[in-house]
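Structure at a glance
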Amino acid sequence: MIRVNLLRDNKQSIIERLSIRNFKSLSIIDEIIDLDDQRKSNQLSLDNNLSKANNISKDIADLYKSGDTEKASLLKKESKQLKEKTRDLQSTQNKIEKDLDNLLYQIPNVPHELVSPGVT
């Protein structure tokens, strides 16, 4: 399976070499790059959510130690909402990765530069 970074960095060259194999579904390459951009964006949101949840957990512990249970309860509610959002983001991430893999499986091996065009 071809790597997305290779597709992104050498898109035109790969398209030319795939045409040697008479591969007609070249629009898949753009779909893969777009889906990878979505994956990166979603991963960034997921990482930010997890980081925020970790910080809130630390704050909750500190508030309980200082005896401010009211603020701790409010942060617990916010933490619960973050966990639900994180679960949704993780589900979306899994779907994007699955769709990305399915598209990548549809691309044949890229022939070497020395391979001459095939007969149609």
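Residues numbered from 1 in each chain as written. Predicted model: local features only at pLDDT ≥ 70, side-chain atom pairs only at ≥ 80, totals over all residues. Heavy atoms only, no water.

**Some details on the overall build of the chain**
- The number of helices and strands found in the chain is four helices and zero strands.
- From first element to last, N terminus to C terminus, the chain shows the α and β order α-α-α-α.
- A compact globule built from 120 residues should have a C-alpha radius of gyration of about 14 Å, whereas the chain, at 23 Å, is more than 25% larger.
- Principal-axis analysis of the C-alpha atoms places the extent of the chain at approximately 80 × 20 × 15 Å.
- Relative to all contacts within the chain whose residues are 6 or more apart in sequence, the contacts with residues 24 or more apart total 76%.
- Split by element, the accessible area of the chain, about 8,300 Å² in all, is 48% carbon and sulfur.
- Computed over 20 positive and 19 negative side-chain charges, the inter-centroid distance for the chain is 3 Å. (Helix = DSSP H or I, 4+ residues; strand = E, 2+ residues; numbered from the N terminus. Rg over C-alpha atoms; globule rule 2.2 N^0.38 Å. Contact = heavy atoms within 4.5 Å. Areas by Shrake-Rupley, 256 points an atom, 1.4 Å probe, with all protein chains shown as cover. Lys, Arg positive; Asp, Glu negative; His and termini not counted. Charge placed at Lys NZ, Arg CZ, Asp CG, Glu CD.)

**Section: the environment of Ser-25**
- Along the chain, Ser-25 turns up in the loop between α2 (11–20) and α3 (27–66).
- With 81 residues separating them along the chain, Ser-25 and Gln-106 place their C-alpha atoms 8.9 Å apart.

**A word on the side chain of Thr-86**
- Residue position: Thr-86 is located in helix α4 (residues 69–105).
- What makes Thr-86 buried here is its relative accessible area of 12%.
- A polar side-chain atom of Thr-86 sits 3.3 Å from a polar atom in the side chain of Asn-49.
- Here Thr-86 is in contact with Leu-46, Asn-49 and Leu-50, once residues within four sequence places are set aside. (Buried < 20%, exposed > 50% of the residue type's maximum accessible area, 1.4 Å probe, protein only. Polar contact = N/O pair within 3.5 Å; in protein donor to acceptor, adjacent residues only side chain to side chain.)

**What to know about the packing of α3 against α4**
- Direction vectors running N to C along α3 and α4 enclose 160 degrees, while the axes themselves pass 8 Å from each other. Classified by the interaxial angle, the pair formed by α3 and α4 is roughly antiparallel. Regarding α3 and α4, the two cross each other, and that crossing is left-handed.
- Tallied by class, the residues present in the contact of α3 with α4 amount to 18 nonpolar, eleven polar and eleven charged. (Axes fitted to C-alpha atoms, helices over the stretch in contact; angles between N-to-C directions. Parallel < 35°, antiparallel > 145°, perpendicular 65-115°, else oblique. Left-handed = near helix turned anticlockwise from the far one by under 90°. Nonpolar A, V, L, I, M, F, W, Y, C, P; charged D, E, K, R; others polar.)

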